[in-house]
Amino acid sequence: MPKIKITLPDGSSKRVEKGVTAAEIASSIGKRLAQDALAIEINGKLTDLSAKIDNDSKIRIITYKDKEGKGVFWHSASHLMTQAVLRLFKGQNIGLGVGMPIDIGYYQDYDIKNLTEDDLKKIEKEMEKIVQEHLKISQKNIAKKEAYAFYKKDPYKTQFINEVQGNKVSMYTQGEFNNLCKGPHVPNTSYIKAFKLTKIAGAYWKGDSKNKMLTRIYGVAFPEKKQLKDYLELIKEAEKRDHRRIGQAMDLFSFHEEAPGMPFFHDKGQFIWQTLVDYTVELMKKRGYEINMTPMILSKNLWVQSGHWDHFKDNMYFTKIDDKESAVKPMNCPGNILIYKTKSHSYRELPIKAGEFGLVHRHELSGVLAGLFRVRCFTQDDAHIFCTEEQIEEQVKELLDFVDELYGTFGFDYNLELSTKPEKAMGDPNLWKLAEEKLGSVLDKSKKKYKLNEGDGAFYGPKIDFHVKDAIGRTWQCATIQLDFQMPEKFDLTYEGKDGRKHRPVMLHRTILGAVERFMGILIEHYAGKFPLWIAPEQVRIITVSDKFNKYADKIMDELKLQGIRVELDKRTESIPRKVREAQIQHVPLILTVGEKEVKNNTVAVRTLDNKVHFNIKITDLIKKILKNIENKKEKFSV
Ligand SMILES: [Zn+2]
Ligand SMILES: [Zn+2]
């Protein structure tokens, strides 16, 4: 038998017989890998484990741990679901629309009559049966003519066939069920050990409201039962922490039809927003930043020059000023560049760290808007660092330290990703390479672990992204550091070097919070509304046992206010338990009750977030502790 050479991702290689399958290679590497393998990537192309390898190849065995593996797994689960639907509703001529994996799980659209939420359980039961049947999943290419005949009653599949190039199409089969599909898929139905259908919704064919409304079923699936259990628990916990609900209970913000996707911050929400900005400014000042402010509307020409027009115009809003085409800024960079260009710069001034808390607008489809997580206008804690090539590493290092300090205050851990040149990139490939190497080397030197995301960089340069991990283990992309050799070129930015000649500065774009609004949403869910004292919009609520004690309560409130502590007084003639409950729903960290004993002893009773009551607390002692806790931005408060 002739031999071929297989190269694995770690660079090691093996000689194997020509025509060996991916499944066989996985087995030869290890039993565990053979069990976990879902698909294979051969020379960059994802395919089924049953694929035969005939030439020297670079391969990667794909498991559920890989992003691609999850995609294959979820896509296979959607086929499983469709097979169950077709079995259960045999009498109907069911059209099959789009089906695909999404962030978590998958969906499939059906042209089907009278399918309701109640049917989901039945479909799950049938899916379970198919899993037990261990049906082999196999692929073959068939002639288009044959495929048209097969789907002659299905206008959706017919359209899919029309869109395939060439005269063959790929068909997957499991048991009696055939599905026109590119794949790849897991080897058999028994792989899909745990699943749940989560939602049913309407969806237009091709997303176009002129087309017919189809029925979309969403589901999740996992290789192990425990993963499903953990996922469902996480969902329950996440619902409890939903920032939209908590935001309403705490009177932080609202949304209105009059400005869809754009948050309205109420007094308490604005306080949190402002506190985040103030804290970030404090850390910026320590590091020598200047802070600018630039207009929201700038001429179209500027956006053409910056390249945003080519790469970003679908997400921009436009208007006219004096008949001149203008755009509402989706980013702050060009504004900051104009400020840089107002004077000449010497190498002695560099690096220039120019910050801006700029309100940007980006168009998002109404379907993807989600509370503060996905909005159409937000404030970036943006900054642009203009420096020399030699200063890049030290500047990136400083930014890593900045991120550590700010995230540390919230107890956030994070994952790092380094993203490289995308397909739609501008600029010299050599500069790209240099920039990628610089970022990688800083991360290596600072001993930070990171994941490489090939092709996921910004159009003007590679970037480092930070994904913070919240209290329940979810991750959120927030901070980003982007290296940019292009913008200085396009805007002809210069500085005078030691040699008296003009040189090009390098530009770093960076945000730490990301969008202040979104970061606030993340914090609400991270703390489940129970903010640390320093950022809690209402730190103290005083509750009176009866009207008799109002005077004493007023006096205490004045003392607290005098120290800058945010306090409110609930004098209503409601019962104490009711007033306490309301304060707790609003997550007020310290609830002070005053009654007979407190007035007599000149003290207060303090209820903390853990629902413990501490009696006989002297107000001067309490104030001292509160102020110290705020100053140190402590996560917890103890009386
Ligand atoms: Zn498919
Ligand atoms: Zn920028």
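What you see is a predicted model, and the numbers here were worked out from it, not measured in a lab. (Residues numbered from 1 in each chain as written. Chains lettered and ligands numbered in written order. Predicted model: local features only at pLDDT ≥ 70, side-chain atom pairs only at ≥ 80, totals over all residues.)

### Describing the nonpolar core
Right, on to step 1. By size, the foremost hydrophobic cluster in this structure holds 79 residues, and its most contacted members are Val 516, Phe 519, Met 520, Ile 542 and Leu 592.
Right, on to step 2. Examining the composition of this core, we find that seven residues originate from one element, helix α16 (residues 516-527), more than from any other.
Right, on to step 3. When we break this core down by domain, the ones giving at least three residues each are domain 3 (286-522) and domain 4 (533-631).
Right, on to step 4. Aside from chain neighbours lying at most four places away, what touches Leu 592 is Val 540, Ile 542, Ile 543, Val 604, Ala 605 and Val 606.
Right, on to step 5. Residues Leu 49, Phe 73, Tyr 110 and Ile 137 belong to the second largest nonpolar core, which totals 42 residues. (Core = buried A, V, L, I, M, F, W, Y, C linked by C-beta atoms within 7 Å. Buried ≥ 20, exposed ≤ 12 C-beta atoms within 10 Å, placed from the backbone. Helix = DSSP H or I, 4+ residues; strand = E, 2+ residues; numbered from the N terminus. Domains from an automatic or database assignment. Contact = placed C-beta atoms within 7 Å.)

### Some words on the sheet that holds strand β9 (residues 106-111)
Right, on to step 1. If you walk across this open sheet you meet the four strands as β8-β9-β14-β13, and the pairing is antiparallel. What marks the edges here is a single partner per strand, and that holds for β8 (95-101) and β13 (194-204). Adjacent strand axes in the sheet meet at a mean angle of 20°, parallel and antiparallel pairs treated alike.
Right, on to step 2. Looking at chain direction, β13 and strand β14 (residues 213-222) are connected through 10 bridges and run antiparallel. When the sheet's bridge partners are listed, Gly 202 is paired in β14 with Thr 215. (Pairing = 2+ DSSP bridges. Axes fitted to C-alpha atoms, helices over the stretch in contact; angles between N-to-C directions.)

### As for the pairing of strand β29 (residues 506-515)
Right, on to step 1. Of all 10 residues in β29, 10 are buried, a share of seventy percent or more.
Right, on to step 2. The pairing of strand β22 (residues 377-387) with β29 spans seven bridges and is classified as antiparallel. By the bridge assignment for β29, Phe 386 is matched with Met 507.
Right, on to step 3. Bridge analysis of strand β26 (residues 475-484) against β29 gives five bridges, and the strand direction is antiparallel. Paired with Thr 480 across the strands is Thr 511, a residue of β29.

### A word on the packing of helix α3 (residues 67-88) against helix α4 (residues 119-132)
Angle between the axes and distance between the axes: these two values describe a pair of packed helices.
Right, on to step 1. Following both chains from N to C, one finds α3 and α4 inclined at 110°, their axes separated by 8 Å at the closest point. When the axis of α3 is compared with that of α4, the two are roughly perpendicular. As α3 runs across α4, the sense of the crossing is right-handed. Contacts between α3 and α4 involve Leu 80, Met 81, Gln 83, Ala 84, Val 85, Arg 87 and Leu 88 from the former and Lys 122, Ile 123, Glu 126, Met 127 and Ile 130 from the latter.
Right, on to step 2. Residues of the contact of α3 with α4, tallied by class, amount to eight nonpolar, one polar and three charged. (Parallel < 35°, antiparallel > 145°, perpendicular 65-115°, else oblique. Left-handed = near helix turned anticlockwise from the far one by under 90°. Nonpolar A, V, L, I, M, F, W, Y, C, P; charged D, E, K, R; others polar.)

### Notes on the domain arrangement of the protein chain
Right, on to step 1. Considered domain by domain, the protein chain is made up of domain 1 (3-63), domain 2 (70-232), domain 3 (286-522) and domain 4 (533-631).
Right, on to step 2. Averaged C-alpha coordinates put domain 2 and domain 3 at centres separated by 40 Å.

### Examining the sheet that holds strand β20 (residues 324-328)
Right, on to step 1. Taken in spatial order, the three strands of this open sheet run β18-β20-β19, and their pairing is antiparallel. The strands lining the two open edges of the sheet, one partner per strand, are β18 (297-299) and β19 (317-321). Between one strand and the next, the sheet's axes are offset by a mean angle of 40°, whatever the strand orientation.
Right, on to step 2. The sheet contact formed by β19 and β20 spans five bridges and is antiparallel. Following the sheet pairing, Ile 321 is matched in β20 by Lys 324.

### A few points about the environment of Glu 356
Right, on to step 1. If you trace the backbone, Glu 356 turns up in strand β21 (residues 352-361).
Right, on to step 2. For Glu 356, a count of 22 C-beta atoms within 10 Å corresponds to the buried category.
Right, on to step 3. For the pair Glu 356 and Leu 431, spaced 75 residues apart in sequence, the C-alpha to C-alpha distance is 27 Å.
Right, on to step 4. Excluding residues within four positions of it along the chain, Glu 356 makes contact with Ile 291, Asn 292, Met 293, Thr 294, Asn 332, Asn 336 and Asp 382.

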